[in-house]
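Inside the fold
Take a look at the letters that make up each chain.
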Number of protein chains: 2
Amino acid sequence: MTDTDEVRLARVALGCLAEPGNRELGVLVRQVGPVDALDRLLKGYVSERLHDTARLRLADEPDAHRLAGSLVDSADRLGARIVTPEDDEWPPQLDDLAHLSRAADGRAVERDTDPPQCLWVRGHPALDAVFDRSVAVVGARAASNYGTYVATELAHGLAERDWTVVSGGAFGIDAAAHRAALAAGGLTAAVLACGVDRPYPLGHANLFDRIGEAGLLISEWPLGAAPHRLRFLIRNRVIAALTRGTVVVEAAGRSGARQTLGRARALGRAAMAVPGPVTSAMSVGCHAELREVGTRLVNNYREVLEEVGRIGDDLAPMPRGLDRPHDTLDPIAAQLLDAVPPRRASSAEEIAATAGVSGRDARRTLPSLVAAGFVVEHDNGYRLAPRPS
Amino acid sequence: MTDTDEVRLARVALGCLAEPGNRELGVLVRQVGPVDALDRLLKGYVSERLHDTARLRLADEPDAHRLAGSLVDSADRLGARIVTPEDDEWPPQLDDLAHLSRAADGRAVERDTDPPQCLWVRGHPALDAVFDRSVAVVGARAASNYGTYVATELAHGLAERDWTVVSGGAFGIDAAAHRAALAAGGLTAAVLACGVDRPYPLGHANLFDRIGEAGLLISEWPLGAAPHRLRFLIRNRVIAALTRGTVVVEAAGRSGARQTLGRARALGRAAMAVPGPVTSAMSVGCHAELREVGTRLVNNYREVLEEVGRIGDDLAPMPRGLDRPHDTLDPIAAQLLDAVPPRRASSAEEIAATAGVSGRDARRTLPSLVAAGFVVEHDNGYRLAPRPS
């Protein structure tokens, strides 16, 4: 076995023997490397908590290297691959997670936010290229028709402009985002909270197959791992870290999507939310986020690109309603035009008084408004020209 | 005539002879007082523009004092009153407008934002008391059913809590706000861009009568003044200055309500907007404002009160979805509970591994979760207790 293979197998073993994100293990690996870290873990030179977990996961197969080896073989048979930080395609932005530490409330999901030891991948494209231009589109499982529509529009627009749409593979907003990206012929990646051989939810088995063919299915958990509720929360930090920004399309007051958004904000990624009717329970979480500093309201994919795109590249146009022809007039002329009555004609002096300009300015400027077709002379005065309908 | 009467009549004359908000006139009045300012205006010791306007408005009645006197008489006959800065009930917050200066784009409506010289009032309550606790609720004339509903809910909630609802008397959002405040038995004030004897729009004649009886109709323009388009924009600064904050409920991309909101922000008042579907043209202006720094998203009247209310007084509850019973558990117990499987039982060690806690902690804590009814023992392991439906 080469040194490279040994490191790789140690990463796989570490990814199986501890719950992903474990900070103690991450620090140890950074200090002594994966091979020595695995050795210390197996010998119990770690906290009781970490050692208990590892021993339990070795209950059926006590040899950690054999366990890892058989998982690698299974991945080969499935056509899946394992990507570690030592590989060229490893997305370097995941390493930002080493510096992510949230409120110390004692919960592992807040404390243990370290980068994954390895990723299990179904799909062909190289990870680094796929995630360099990527946006997370996430939200409620119990999405409304409105939310589904907006997620579809967003993901379609992003995918058409060669941005990878990343989501969590769940019902509702996640599924709408994946499907729209596929429909646009773009790239999409589902980051799962279970083994990539184990579709969850079951109803998305076909969707996951399509994503695995045209895009990427990835997970920190080894093949066969079951989706526990906590794992969705652990997984969310990877969605936030992989992408340049996260958009929440719909979210109830209490929602995993809000946690992903919080992670994105803490990592310095663009944090975005789509507003909705204040009468909709599915927009309560979005609006709560938008009331916080650091989350940006987005109406469409152009505004998303404005947040995540390179400067000067993807800029959204200012929303300003329809231009009116007299937007091009100089200030005095525009002011006078606003003061010209629509029906009964007024004198230049009356119009000047209403507009707040001098009579001389009015007498000088009104004829040019007549010449430009905005105003007509009538009864020794001026009134607006009839509008073309 | 007493000195007081002379000052009062001069204010009325100045309010007629120049377009309200004229900065040159405002500065002059602050320098020499209303009586001398009127004298200088009549003698032409002012800019040509200001002098032209005054002369035009004296075309039918060349004596400014007679003109003002006859307007005062008309107001008496109508049951209207005139309030000047010399009166006790003058709302002092209007004087903040003397310091409001907007982008110098040359347009009078941006440049001339001075306080009114006087206000024409229909309605009994004293102005200072009415506007001390007041919020402006404004928005699109072409409001959607959604916007009308939200404006109604907001205004009703504010009026019920003894906040005056201020708006502009227009169709759509303005009318919904006035009507809801009246329905709640609260105070509402319409700030008009024409004489208070001249209902505009005509279809609101009955509404204005009701507001005049139960609340206030006020205007800077003398009786008989016509509503020009420019006057709505001039008027908006008064709505922003009178109130502690302005809420835009719906607004198209180009909208007078957005101008009012900008004034509120420039005056240091609370600037608020209600979100809506990104698919609605009537929310485009609200969302554009919410993308600017300084405008706060509000979902309901409680959040409006949080922005405008006194500290510690009117605070909105945090939106966080329904509380779950195990929100009260300590962190280790909550973590374990999240990791307990719903159907097939798991051992304490397996649950500990998933939760990321030590086996000892799991063995110590799981029995208390059983005792509390969250978890049941089963097959030498633990699974979630069935939920009460």
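Described below are features of the structure shown in this document. (Residues numbered from 1 in each chain as written. Chains lettered and ligands numbered in written order. Predicted model: local features only at pLDDT ≥ 70, side-chain atom pairs only at ≥ 80, totals over all residues. Heavy atoms only, no water.)

Quick word on the interface of chain A and chain B
To keep things clear, this is the line we draw: A contact between two residues is defined here by any heavy atoms of the two lying within 4.5 Å. The quantity reported as buried area is the accessible area (1.4 Å probe) lost by two parts once they are put together, taken as the sum for both. For this document, the term salt bridge refers to a Lys or Arg side-chain nitrogen within 4 Å of an Asp or Glu carboxyl oxygen. Secondary structure counts use DSSP, requiring at least four H or I residues in a row for a helix and at least two E residues in a row for a strand, with both numbered from the N terminus. Polar here means any residue other than Ala, Val, Leu, Ile, Met, Phe, Trp, Tyr, Cys and Pro, which are nonpolar, and Asp, Glu, Lys and Arg, which are charged; Gly is therefore polar.
Contact residues are listed per partner, giving 62 residues for chain A and 62 residues for chain B. Counting the surface lost from both chain A and chain B, the interface buries some 5,200 Å², and carbon and sulfur atoms represent 52% of this. Our count for the contact surface shared by chain A and chain B stands at 8 salt bridges. The partner of B:Arg360 in a salt bridge is A:Glu48, and the shortest N-O contact between them spans 2.8 Å. The dominant element in the side of chain A that touches chain B, judged by the number of residues it contributes, is helix H3 (residues 48–57) of chain A, at 6 residues. Of the residues belonging to the side of chain A that touches chain B, the class tally is 23 nonpolar, 15 polar and 24 charged.

Topic: the sheet that holds strand S4 (residues 164–167) of chain B
Think of a sheet as strands paired side by side through backbone hydrogen bonds, with each pair either parallel or antiparallel. Residues and elements named next belong to chain B. What counts, and what does not: For two strands to count as paired, DSSP must find a minimum of two bridges between them.
Read from one edge to the other, the open sheet built from 9 strands follows the order S1-S2-S6-S5-S4-S3-S7-S8-S9, with strand pairing classed as mixed. The open sheet has two edge strands, strand S1 (81–83) and strand S9 (296–297), and neither has a second partner. The sheet contact formed by strand S2 (residues 119–122) and strand S6 (residues 216–219) spans 3 bridges and is antiparallel. Across the sheet, the residue bridging to Trp-120 is Ser-219, located in S6.

Re the sheet that holds strand S9 (residues 296–297) of chain A
Residues and elements named next belong to chain A. As summarised here, the arrangement of the 9 strands in space is S1-S2-S6-S5-S4-S3-S7-S8-S9, forming an open sheet in which the pairing is mixed. Unpaired on one side and paired on the other, strand S1 (81–83) and S9 mark the two borders of the sheet. Both strand S5 (residues 188–192) and strand S6 (residues 216–219) contribute to a ladder of 4 bridges, which runs parallel. If you follow Leu-192 over to S6, its bridge partner there is Ser-219.

Regarding helix H2 (residues 23–43) of chain B
Residue and element names in this part refer to chain B. As a reminder of what qualifies: The span you would expect from a helix comes to 1.5 Å times its residue count less one. The bend at a residue is defined as the angle formed between two axes, one fitted to the seven residues ending at that residue and one fitted to the seven starting there. Note on exposure labels: buried denotes an accessible area under 20% of the residue type's maximum, exposed denotes more than 50%, and partly exposed covers the range between, all computed with a 1.4 Å probe on protein chains only.
Compared with the 30 Å implied by 1.5 Å per residue over 21 residues, the 19 Å span of H2 between its first and last C-alpha is markedly short. The largest bend in H2 amounts to roughly 120° and is located at Gly-33, with the proline Pro-34 lying one to four residues further along. Those residues of H2 lying buried are Arg-23, Leu-25, Gly-26, Leu-28, Val-29, Gly-33, Pro-34, Ala-37, Leu-38 and Leu-41. Contact partners of the buried residues in H2: helix H1 (3–17), helix H3 (48–57), helix H4 (64–78) and helix H5 (108–111). After H2 finishes, the residue Gly-44 shows a positive phi value of roughly 85°.

Some words on the environment of A:Arg133
Residue and element names in this part refer to chain A. The line we're drawing: Distance and chemistry together define a polar contact, namely a pair of N or O atoms within 3.5 Å, with one atom able to donate a hydrogen and the other to accept it when in protein, and with adjacent residues in sequence counting only for side-chain atoms on both sides.
The topology assignment puts Arg-133 in the loop between helix H6 (127–132) and strand S3 (134–138). Since its relative accessible area comes to 25%, Arg-133 is described here as partly exposed. Taking C-alpha positions, Arg-133 is 19 Å from Gly-212, a pair spaced 79 residues apart along the chain. At a separation of 2.9 Å, a polar atom in the side chain of Arg-133 contacts the main-chain carbonyl oxygen of Arg-161.

Regarding the pattern of salt bridges
Pairing is possible between side chains of opposite charge, provided their charged atoms come close. Taken as a whole and judged by the stated rule, the model has 46 salt bridges over all chains. Between A:Arg81 and A:Glu89 there is a salt bridge, with its nearest N and O atoms 3.0 Å apart. In this structure, B:Glu19 and B:Arg57 form a salt bridge, with 2.8 Å as the shortest nitrogen-oxygen distance. Taken together, the residues span a long stretch of sequence, with B:Glu19 in the loop between H1 and H2 and B:Arg57 in helix H3 at a distance of 38 residues. On the accessibility criterion, B:Glu19 (9% relative accessible area) is buried. The class of B:Arg57 is partly exposed, set by a relative accessible area of 22%. Overlapping salt bridges, with partners in common, bring together A:Glu19, A:Arg57 and A:Arg231 in one network.

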